[in-house]
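What the coordinates show
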Amino acid sequence: MATPTPPNSSTCSTPMKAVSNGAFQHENPLDFALPLLILQICLVVAFTRFLALICRPLKQPRVIAEIIGGILLGPSAIGRNEKFLKTVFPNKSLTVLETLANVGLLFFLFLVGLELDLSSIRKTGAKALCIALAGITFPFVLGIGTSFALKATISKGTNPTPFLLFMGVALSITAFPVLARILAELKLLTTDVGRIAMSAAAVNDVAAWILLALAIALSGSETSPLISLWVLLCGAGFVLFAIFAIKPILNIMAKHSLEGEPVKETYICFTLTLVLACSFVTDAIGIHALFGAFVVGVIVPKDGPFAEVLTEKIEDIVTGLFLPLYFVSSGLKTDVASIRGALSWGLLALVIFTACFGKVIGTFSVSLLCKVPFREALALGFLMNTKGLVELIVLNIGKDRKVLNDQAFAICVLMALFTTFITTPIVMAVYKPARRGVPYEHKMIQRKDPDTELRVLACFHSNRNIPTLINLIESSRGTRRRGKLCIYAMHLMELSERPSAITMVHKARNNGLPFWNKIHDGKDNLVIAFQAFGPLSSVNVRPMTAISSLSNIHEDICASAHQKRAAMILLPFHKHQRIDGTMESLGHSFRMVNKNVLSHAPCSVGILVDRGLGGERQVPASDVSYNVVAAFFGGRDDREALAYGMRLAEHPGILLTVIKFIAPPGQTFAFGANLVGLTANKDKKVISVADGTTIEEDKREDDQFWSEFLSVCSSSEESIVYEERLVENKDDVKNVLMEKNRSNLVLVGRIPQVAPLVNTSDCSELGPVGSYLASSDFSTSASVVVFQQYNPKSDIHPLVLEVSDYSNMPDTPNHPL
């Protein structure tokens, strides 16, 4: 932490009072500590978030924007204006600012420790371990070599041993949290490259902290080696005390924090106080307060809700408000203008080259020796070169302990910024694994052999979707023999900048399931709900997860659907029904997810408008009693909806009513309107609508499929009824549909060639009929599924390239959950 200027210094004025009496009392709020701190926080947060928005299209992690923001607010850019610097960041305010920033940093390092699971490090394979050691050793040695050049030029007079160590550590660090976000953003977490990089980075992280502790111990003001030895021994003693004395207490609290029950406030308060107490101890020892917070985070038990609740309690305020202050505190010490002259710029180039060369070549060479393919080895090298917050911590500690002067500090900060900035674009250029898959036959529900297995990828955002989803699965299993319905239940989770998002990524990566699917004492109700299908011996249910930003999570959905050979992707509608019956939007991003899936899906798609099918609980098979309505106007999407309805009708508790709409002779369902081809993405899907008339090919297929339906209907009179209704205008269509608004479920095609039933709609992706059925004007009790049948002719930009000889992983569950 920064050493405050002594009170008797000529640069320090009278200590600031905390609060002012207000502008009306002729007092400037900026002359007082609290209002000035509030202004600083608001300015820093707003400025860094604005830069994060600018960096987002470049797929840069938020830490890049925060580092740049800190530098720009400092003396390198905006801070060159002395009036701004003296007004917003006067010297007398820096002690308060840095203290608060370091308190936030303590808790952030506690969160980093929570992310780090030592059990996974112990399971690290020999390949990842060798790559990790190479990624530390090569740049560390080169960093020591570079430090000789710096010491001979711009860092004369510094203590050589700590300077060598600090430079070696600075060049050999891999930022574990930043790397995890980059891998998740590039969708590389589940690839071999992602698995190796994460394991190697975890080992690198632990080694870097050990080396940093050594560097700090040797950088004290006392030159006696005996003092440094005592610091190291006391630090090791603290770690042993934490493991054997503190960890059992945390284990007891974790065991008493049961799944589904709130964690006691006493446990939370005790743990957070423990973080501060251990930070005080390590600061007193002389190895910096951050180590105490980090060690407590590492020893907290990772299983159960205890660690998750701790993360949720503090992550937003720490990462949102306090952490940006640390970047500004660092930026105020960084003066890029101090790098002047050919020699300084040459040294900057040398440091950047050495950092990149050591990490990339070291990792790349050992990866090739471990038989990693060339492109993957190269990508690993650049990924392991990621720097971030930990790098800044090392550099700030070095500057505070006067190991690094202003020029060396600025050079190393720019090196960290440059190496992290280039990671994402270079990895995207050298290694973008193509999504490949083996071709498969059944990509829609309508098929020649209805006895073949039906595979459905059912997606959900939250617990709200679970009851309806399970009841719909139960209704879909029909009476066919065992194993003929396979459901992949995919939890869609947004990847955010929160530390908890990385924790979820780790758990999903380790077990292939959503983090809440880990059973703790048999109390996980969601898993129990899915497991209820096992005894039925009819449905295979495999929970999955997709963690990605909402802007491209559709790629995960479509790729998973192809890998699992799904016939249908079932998506939740982007609105949910409130208690008063109105539909409330969950956000435009969720709507865009659905539209993107409709554009790129490798199979049929169904969008579920959930109005509580079966209530808020799972309905047992013997109690299922639903009235299902299928509206049939004609066209491939309506045929898909009817095919699904025919499958539902096999369930003994379901009555299917099929309404075939008939237009007057010589007219169409356009009713004089000019129909426009409706598409989720006109550049990707081309739907042919010729002046509102039905295409002859579609007409023939409609007639053929209707004949098949009639033959099934004649043998299933108790479960299927149909009626033909003549409609002369769109009001007649609405009246017929309104007659069925008390049904439990309505099935309809997405794009029947019908005039829009509503004048304006904010859900046009559901089509002319679906958008009306999803409105509150239609019903408050009837759930709706809107179908889009897979059309190979319009799938001209597939996300997954089908290769006949591609070796794909097994995608059939061996047993029901």
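Sequence order sets the numbering: in each chain, residues are counted from 1 along the sequence as written. Two thresholds apply to this predicted model, a pLDDT of at least 70 for residue-level local features and 80 or more for giving and counting side-chain atom pairs, whereas whole-chain, interface and lining totals are computed over all residues. Computation of side-chain values: all heavy atoms of the structure, hydrogens and water removed.

1. Observations concerning the packing of helix H7 (residues 160–172) against helix H16 (residues 389–400)
Remark: H7 packs on H16, axes separated minimally by 9 Å, with the N-to-C direction vectors making an angle of 165°. Regarding the angle of H7 to H16, the classification is roughly antiparallel. As for the relative orientation of H7 and H16, their crossing is left-handed in sense. Where H7 approaches H16, its residues Phe166, Val169 and Ala170 are matched on the opposing element by Glu391, Val394, Leu395, Ile397 and Gly398. Working convention: axes come from line fits to C-alpha atoms, limited for helices to the stretch in contact. Angles between N-to-C directions cover 0 to 180 degrees. Helical segments are the DSSP runs of H or I of at least four residues, strand segments are the runs of E of at least two, and each set is numbered from the N terminus. Relative orientations are named as follows: roughly parallel for angles under 35 degrees, roughly antiparallel for angles over 145 degrees, roughly perpendicular for angles from 65 to 115 degrees, and oblique for any other angle. Put simply, a crossing is left-handed when the front helix is turned counterclockwise from the back one by less than a right angle, and right-handed when it is turned clockwise. Any pair of residues with heavy atoms lying within 4.5 Å of one another is described as a contacting pair.

2. Points about the nonpolar core
Taken as a class, soluble globular proteins show a tendency for nonpolar side chains to be buried jointly. Ranked by size, the top nonpolar core spans 155 residues in total, and within it Phe110 and Val300 carry the most contacts. Element by element, the count of residues in this core is highest for helix H9 (residues 192–217), at 16 residues. Among all residues touching Phe110, those that are not within four sequence positions of it are Thr271, Leu272, Val275, Ala293, Val296, Gly297, Val300, Leu310 and Ile314. Residues belong to one nonpolar core when they are buried, are Ala, Val, Leu, Ile, Met, Phe, Trp, Tyr or Cys, and are joined through side-chain atoms within 4.5 Å. Each residue is placed in one exposure class: buried if its accessible area under a 1.4 Å probe, protein chains only, is under 20% of its type's maximum, exposed if it is over 50%, and partly exposed if it falls in between.

3. Examining the pattern of salt bridges
A pairing counts as a salt bridge when a side-chain nitrogen of Lys or Arg comes within 4 Å of a carboxyl oxygen of Asp or Glu. A full pass over the atoms with the stated rule returns 12 salt bridges. Look at the salt bridges and you will find they share partners, linking Glu723, Arg725, Glu739 and Lys740 into a network.

4. With respect to the pairing of strand S3 (residues 485–494)
Burial runs high along S3: 9 of the 10 residues are buried. At least two bridges found by DSSP between two strands is the condition for calling them paired. Pairing of strand S2 (residues 454–460) with S3, which is carried by 7 bridges, proceeds in the parallel orientation. Looking at the pairing, Arg455 lines up with Cys486 of S3. In the sheet, S3 pairs with strand S4 (residues 539–548) via 10 bridges, with the strands oriented parallel. Paired with Glu494 across the two strands is Ser548, which belongs to S4.

5. So, a nonpolar patch on the surface
Candidate patch residues must exceed 30% relative accessible area and have no salt bridge, after which like charges are joined if within 9 Å and Val, Leu, Ile, Met, Phe, Trp or Tyr side chains if within 5 Å. Areas reported as accessible are Shrake-Rupley estimates using a 1.4 Å probe. Residue values count occlusion only from the protein chains shown. A cluster of nonpolar side chains, contributed by Leu142, Phe353, Phe357 and Ile361, occupies part of the molecular surface with about 340 Å² of accessible area. Looking at which element gives the most residues to the nonpolar patch, the answer is helix H14 (residues 341–369), with 3 residues. Within the fold, Leu142 resides in helix H6 (residues 126–153).

6. Some details on the pairing of strand S9 (residues 626–632)
On a regular strand, each side chain points to the face opposite its neighbour's, so the side chains alternate between the two faces of the sheet. Of all 7 residues making up S9, 6 are buried, and the element is well covered by its neighbours. One ladder, built from 7 bridges, connects S9 with strand S10 (residues 654–662); its direction is parallel. Its bridge partner being in S10, Val629 is matched across the sheet by Thr657. By convention, orient the strands away from the viewer: a clockwise path from the first strand over the helix to the second makes the crossover right-handed. Handedness of the crossover is the feature at issue here: the chain leaves S9, passes through helix H23 (residues 636–648), returns alongside S10, and the resulting connection is right-handed. Note: S9 against strand S12 (residues 745–749), 3 bridges, orientation parallel. Among the inter-strand pairings, Val629 is bridged to a residue of S12, identified as Val746.

7. Quick notes on the sheet that holds S10
The strand order across the open sheet built from 10 strands is S4-S3-S2-S5-S8-S13-S12-S9-S10-S11, with neighbouring strands paired in mixed fashion. The open sheet has two edge strands, S4 and strand S11 (720–726), and neither has a second partner. On average, adjacent strands in this sheet sit at an angle of 20° to one another, irrespective of strand direction. As defined by bridge partners, S2 adjoins strand S5 (residues 568–572) across 3 bridges and the pair is classed as parallel. Looking across to S5, one finds that Val456 is bridged to Met568.

8. Observations concerning H14
A helix is expected to span 1.5 Å for every residue after the first. With 29 residues, H14 should reach 42 Å at 1.5 Å per residue; the first-to-last C-alpha distance of 42 Å fits that figure. Taken from the residues just after H14, Lys371 is the one with a positive phi, measuring 65°.

9. Let's talk about H16
Taking 1.5 Å as the rise per residue, H16 with 12 residues should run 16 Å; its terminal C-alpha atoms sit 16 Å apart, in good agreement. Summarising burial for H16: 12 of the 12 residues are buried, a large majority. Leu389, Val390, Glu391, Leu392, Ile393, Val394, Leu395, Asn396, Ile397, Gly398, Lys399 and Asp400 are the residues of H16 that are buried. Positive phi appears at Lys402, one or two residues downstream of H16, with a value of about 60°.

10. Here's the deal with the packing of H6 against H9
Two elements in contact, H6 and H9, have axes whose closest approach is 8 Å; the angle formed by their N-to-C orientations is 45°. In terms of orientation, H6 and H9 fall into the oblique class. By crossing handedness, the relation of H6 to H9 is classed as right-handed. Residues Lys127, Ala128, Leu129, Ile131, Ala132, Gly135, Ile136 and Phe140 of H6 form the contact with H9, whose own contacting residues are Ile196, Ser199, Ala200, Val203, Asn204, Ala207 and Leu211. Each residue belonging to the contact of H6 with H9 can be placed in one class, and the counts come to 11 nonpolar, 3 polar and 1 charged. Amino acids outside the nonpolar list (Ala, Val, Leu, Ile, Met, Phe, Trp, Tyr, Cys, Pro) and the charged list (Asp, Glu, Lys, Arg) are all regarded as polar, and Gly is one of them.

11. A short note on the confidence of the model for the protein chain
One confidence number per residue, pLDDT, is output by the predictor and ranges from 0 to 100. Across the protein chain, pLDDT averages 81, with 84% of residues at or above 70. The model gives residues 1–12 a pLDDT under 50, and that stretch makes 13 contacts with residues more than four places away or in other chains. The low-confidence segment residues 510–528 (pLDDT under 50) makes 38 contacts with residues lying over four places distant or belonging to another chain.

12. A short note on unusual backbone geometry
The backbone of Lys59 shows a phi angle near 60°, a positive value even though the residue is not glycine. Residue placement: Lys59 occurs in the loop between helix H1 (33–55) and helix H2 (62–73). Using a relative accessible area of 27% as the deciding quantity, one classes Lys59 as partly exposed. The phi angle at Lys402 is positive, at roughly 60°, despite the residue not being glycine. In this fold, Lys402 is placed in the loop between H16 and helix H17 (406–430).

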